[in-house]
Amino acid sequence: MASSLTKDAAQQGNPAQGGKTFFGHPRGLATLFMTEMWERFSFYGMKALLPLYLIAPGGMHMPATTATAIYSVYMAMVYLLAMPGGWMADRFWGPRKTVAIGAGVVIAGHITLALPTSASFFAGLILVALGSGLLKANISTMVGHLYDGPEDPRRDGGFTLFYIGINLGAFLAPLSIGTVGEKVNWHYGFTLAAVGMALGLAQFLLGTRHLSAESNVVAQPATPQERASVLRKGLIWLIVAAAFYTALALTGNFADWALMPITIAGLVIPIAVLTRMKRDKELTDLEQSKLSGYLWFFVLAAIFWMIYDQNGSTLSIFGKNSTTNDLLGFHFPTSWYQSLVPVFVMALAPLVASAWLWLNKRGKEPSTAVKFASSLALMGVSFGVFLIPLIDTAANGGKVSPMWLVAIYFVQTVAELCLSPVGLSVTTKMAPAKYGSQMMGVWFLAVTAGDSVAGLLTSPQLNVDLNTSFSVAMEACLAVLAGFGIWTSRKRVKQMMGGVN
């Protein structure tokens, strides 16, 4: 039944067939472009405020280690929940309805964050993570639905425009939400994030007529028995979680142990998913070999994201406490640093892509392993640069120029462009046929694993302060050693990749 629905959807009302266009692309791309832009606006605005609000005397007034732990666990959950978000669309709602529901949950989350209580703040974080997982997993799928299959020549250009929407939202968010949150009122900032997502949802609902009918299709509809089973298991887990956290609250251990189960889940689930795939007897020898090679890239990506995602916590906290935030006589909010990465991405991505193409035409394009090695080495260099102002402020006090952070973010963006798009590409190339659609979710689990490690290190049980020069030095060494490890093993890894470069 699912296949016939898909065929019907493809045959009727596909916007790829004509009508008004968006820069030569199906009109529905404008709807999805704006939806993603506003969702990223709300997400990155809240991300820019989160660690600053957690440490602010007028906010939660937490230690830097606790703020880093909460931030890391939150980021881990956003990417972890992308997998069940895709599953909900496949089995229950279809991508279009799932995106609408996800946007509504995000709005509710930001409104809850805006309420001035600790309980509502953490409830809001949970809601935003849930909504982001539902939305993030499905909106890219709907972009693909706009085109006439993988061979449509407009397809890559469409995803490029969509990618610009992501970075445009990420760029504007700290400048507006960050300014309101830091300079006017933290809770007004969270409210502005809700307004942004509400605008995105409104134009999505108004523009759904331009989307492919395929985006309404439930690919593998759940049976009534499966629906009942999901509801039953969901209620059981909800009761278990409620009982656990109630017990923590009653015994006075809530602050110490609240994050631990989530952190452990962020590590166990990626390992369990990959272990299940490796033990699958239905995979061919070549697929098993490719999967073994892919494990190298997964571990390296987890190390990369563990360090990279501290640009919103460790680096942001340093920007708040130890930089002048003055440039050419103009004083700016700390959250504005978060606008640097999307600017650098939009400026550098075409250059990096052109460089790979130029080298490829000359038969000199580096292999995936070498690109990953370069990315990890650059990440180590960025934290090596970070050590200079970090040690200086620790020894002499005072504040340093914001150009230190500009330089660090620049190097990290180049590192990201050597790993993130390459990782997405190699994931599609090395995915076993049986897990073709699931492997993209597996790639995002590398972000979950990396951020969960950071959350575990900064948990009350380990209490590692990632904001110190010693921790930054250790992470810089870890990144360089990881890059060196994949570089020295590049020939072995390439053999496992089965011809994939």
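Residues numbered from 1 in each chain as written. Predicted model: local features only at pLDDT ≥ 70, side-chain atom pairs only at ≥ 80, totals over all residues. Heavy atoms only, no water.

Caption draft 1: Up close: the overall build of the protein. Within the protein, the regular secondary structure consists of 18 helices and 4 strands. The C-alpha atoms of the protein give 23 Å as radius of gyration, which agrees with the globular expectation for 501 residues (23 Å, within 12%). Considering only C-alpha atoms, the protein reaches an extent of 70 × 55 × 45 Å along its principal axes. Looking at the protein residue by residue over its 501 residues, the buried ones come to 52%. Put simply, of all contacts in the protein between residues at least 6 apart along the chain, 81% involve residues at least 24 apart. The positive charge centre, built from 33 side chains, and the negative charge centre, built from 24, are 4 Å apart in the protein. (Helix = DSSP H or I, 4+ residues; strand = E, 2+ residues; numbered from the N terminus. Rg over C-alpha atoms; globule rule 2.2 N^0.38 Å. Buried < 20%, exposed > 50% of the residue type's maximum accessible area, 1.4 Å probe, protein only. Contact = heavy atoms within 4.5 Å. Lys, Arg positive; Asp, Glu negative; His and termini not counted. Charge placed at Lys NZ, Arg CZ, Asp CG, Glu CD.)

Caption draft 2: Main features of the pattern of salt bridges. Taken as a whole and judged by the stated rule, the model has 6 salt bridges. The closest approach of N and O atoms between Lys 434 and Glu 282, which form a salt bridge, is 3.1 Å. Of this pair, Lys 434 sits in the loop between α15 (403-430) and α16 (439-457) while Glu 282 sits in the loop between α10 (260-278) and α11 (285-308), and the two are 152 residues apart along the sequence. On the basis of relative accessible area, Lys 434 is assigned to the partly exposed category, the value being 42%. Given a relative accessible area of 63%, Glu 282 falls into the exposed group. Among the ionic contacts, a cluster of salt bridges with common partners joins Asp 280, Glu 282 and Lys 434. (Salt bridge = Lys/Arg side-chain N within 4 Å of Asp/Glu carboxyl O.)

Caption draft 3: Main features of the packing of helix α3 (residues 64-80) against α16. The contact between α3 and α16 brings their axes to 8 Å, and the two run at 160°. Here α16 runs roughly antiparallel to α3, going by the angle between their axes. Every pair of crossing elements has a handedness; the one defined by α3 and α16 is left-handed. Here Ala 69, Ser 72, Val 73, Met 75, Ala 76, Tyr 79 and Leu 80 of α3 lie close against α16, whose contacting residues are Phe 444, Leu 445, Val 447, Thr 448, Asp 451, Ser 452, Ala 454 and Gly 455. Along the lines of polarity and charge, the residues of the contact of α3 with α16 split into 10 nonpolar, 4 polar and 1 charged. (Axes fitted to C-alpha atoms, helices over the stretch in contact; angles between N-to-C directions. Parallel < 35°, antiparallel > 145°, perpendicular 65-115°, else oblique. Left-handed = near helix turned anticlockwise from the far one by under 90°. Nonpolar A, V, L, I, M, F, W, Y, C, P; charged D, E, K, R; others polar.)

Caption draft 4: Local environment of the packing of aromatic side chains. Enumeration according to the criterion identifies 24 aromatic pairs in this entry. Through a chain of ring-to-ring contacts, three or more aromatic side chains come together here, namely Tyr 53, Phe 121, Phe 122, Trp 186 and Phe 190. Here the guanidinium or amino end of Arg 40 rests over the ring plane of Phe 43, the centre of that ring lying 4.3 Å away. Across from the ring centre of Trp 356, 4.4 Å away, lies the NZ or CZ of Lys 371, which sits over that ring. (Phe/Tyr/Trp six-rings, centres within 6.5 Å; stacked < 30°, edge-to-face > 60°. Lys NZ or Arg CZ within 6 Å of the ring centre and 35° of its normal.)

Caption draft 5: Quick look at the environment of Gly 59. Following the sequence through the fold, Gly 59 ends up in the loop between α2 (28-55) and α3. Classification of Gly 59 by relative accessible area gives partly exposed; the value is 23%.

Caption draft 6: Structural context of α2. Between its first and last C-alpha, α2 extends 42 Å over 28 residues, near the 40 Å set by a 1.5 Å rise per residue. Counting buried residues in α2 gives 26 out of 28 residues, a clear majority hidden from the surface. (Expected span 1.5 Å × (residues − 1).)

Caption draft 7: Geometry of the side chain of Ser 459. Residue placement: Ser 459 occurs in the loop between α16 and α17 (469-488). By relative accessible area, Ser 459 is classed as buried at 4%. With near-sequence residues (within four places) excluded, Ser 459 lies in contact with Ala 69 and Met 260.

Caption draft 8: Representation of the confidence of the model for the protein in the model. Of the residues in the protein, 96% have a pLDDT of 70 or more, and the chain-wide mean is 89. Within the protein, the element-level pLDDT minimum falls on helix α1 (residues 2-11), averaging 36, and the maximum on α17, averaging 97. Every residue in residues 1-17 is under pLDDT 50, and counting partners more than four places away or in other chains gives 30 contacts. (pLDDT = per-residue confidence, 0-100.)

Caption draft 9: Inspection of a nonpolar patch on the surface at higher detail. A contiguous nonpolar patch, built from Ile 164, Val 343 and Met 346 and spanning about 200 Å² of accessible area, is present on the exposed surface. With respect to the helices and strands, the residue Ile 164 is situated in helix α6 (residues 155-184). (Patch = residues over 30% accessible without salt bridge, like charges linked within 9 Å, V, L, I, M, F, W, Y side chains within 5 Å. Areas by Shrake-Rupley, 256 points an atom, 1.4 Å probe, with all protein chains shown as cover.)

Caption draft 10: Examining unusual backbone geometry more closely. For Asn 325, which is not glycine, the phi torsion reads 55° and is therefore positive. With respect to the secondary-structure elements, Asn 325 resides in the loop between α12 (314-322) and β3 (326-327). Its relative accessible area of 5% is what places Asn 325 among the buried residues. One non-glycine residue, Leu 328, lies in the positive phi region at around 55°. Among the secondary structure elements, Leu 328 is positioned in the loop between β3 and β4 (330-331). The class for Leu 328 is exposed, based on a relative accessible area of 88%.

Caption draft 11: Structural context of the nonpolar core. If you look at the biggest cluster of nonpolar residues, it comprises 128 residues, and the most contacted ones within it are Leu 32, Tyr 74 and Phe 121. Counting residues per element, this core draws most heavily on α2, which supplies 15 residues. Those residues in contact with Phe 121 that sit more than four places away from it in its chain are Leu 50, Tyr 53, Leu 54, Met 60, Thr 112, Leu 113 and Phe 190. (Core = buried A, V, L, I, M, F, W, Y, C linked by side-chain atoms within 4.5 Å.)

Caption draft 12: Spotlight on the packing of α11 against α15. Interaxial distance between α11 and α15 falls to 11 Å at its minimum, and their mutual angle equals 150°. Taken together, the axes of α11 and α15 lie roughly antiparallel to each other. Crossing hand, α11 versus α15: left-handed. Where α11 abuts α15, its residues Lys 290, Gly 293, Tyr 294, Phe 297, Ala 301, Phe 304, Trp 305 and Tyr 308 lie against Gln 412, Ala 415, Glu 416, Leu 419, Ser 420, Val 426, Thr 427, Lys 429 and Met 430. Considered class by class, the residues forming the contact of α11 with α15 number 10 nonpolar, 4 polar and 3 charged.

Caption draft 13: The arrangement of the side chain of Ser 132 in detail. Positionally, Ser 132 belongs in helix α5 (residues 118-145). Classification of Ser 132 by relative accessible area gives buried; the value is 1%.

Caption draft 14: Expanded view of the environment of Gly 312. Checked against the element boundaries, Gly 312 lands in the loop between α11 and α12. The sequence separation of Gly 312 and Thr 246 amounts to 66 residues, and the corresponding C-alpha distance is 31 Å. Those residues in contact with Gly 312, other than ones at most four positions away along the chain, are Pro 51, Tyr 71 and Gln 338.

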